[in-house]
Amino acid sequence: MIALFIFTKVRFIKLKRYYIWIGYFVVLGLLLVTRAFAPVGGAYGWIRFGPLSLQPSEFAKLYIIFLGAKLFAIDSPKNNKRNFWRYILALMGYVAVVFVIENDFGSAFVIFAIGYVCALIPPYKEIKH
């Protein structure tokens, strides 16, 4: 609730160009922090705060969906092709990070599957009446 309040009061227009990179590094940082905590079942997938725990790979799943929505919303064949490959590279990066750092094949596979389905969505074409 506090974060929601802050985000509604702060103007982020100047950061608009950097949303993709900010999200990428925030989620990547969270994934790296998991190595500071003991593994659960051999996987370093959780950040613990006392009785609460946070699984950063869930944020990576959301980020891949938001990244696909942002990159594929551009209605230009040239940009769509370039952004498709940017998206695929980001997806592969996240899959590799989750698999190597968290030692969690299940989360890596789910992130890949979500990204793959998002990449199959055709570009939006506006119908003019």
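Please read these numbers as outputs of a predicted model, since none were measured by experiment.

Calculation notes
- Residues numbered from 1 in each chain as written.
- Predicted model: local features only at pLDDT ≥ 70, side-chain atom pairs only at ≥ 80, totals over all residues.
- Heavy atoms only, no water.
- Helix = DSSP H or I, 4+ residues; strand = E, 2+ residues; numbered from the N terminus.
- Contact = heavy atoms within 4.5 Å.
- Core = buried A, V, L, I, M, F, W, Y, C linked by side-chain atoms within 4.5 Å.
- Buried < 20%, exposed > 50% of the residue type's maximum accessible area, 1.4 Å probe, protein only.
- pLDDT = per-residue confidence, 0-100.

Draft legend 1. Up close: the side chain of Ser107. You can see Ser107 is positioned in helix 5 (residues 105–120). Those residues within four positions of Ser107 in sequence are excluded, and the remaining contacts are Gln55, Ser57, Lys61 and Val98.

Draft legend 2. Just the nonpolar core, in detail. Core analysis: the largest hydrophobic core is formed by 23 residues, its most contacted members being Tyr87, Tyr94 and Ile111. Of all the elements in the fold, those that place two or more residues in this core are helix 2 (19–33), helix 3 (56–72), helix 4 (77–101) and helix 5. Of all the elements, helix 4 adds the most residues to this core, at 9 residues. With residues up to four places along the chain from it excluded, the contact list for Tyr94 reads Gly23, Tyr24, Val27, Leu28, Leu31, Ala60, Tyr63, Ile64 and Ile111.

Draft legend 3. The arrangement of the confidence of the model for the chain in detail. Overall, the predicted model of the chain reaches an average pLDDT of 76, with 81% of residues at or above 70. When mean pLDDT is compared element by element in the chain, helix 5 scores highest at 84, while helix 1 (residues 2–9) scores lowest at 72.

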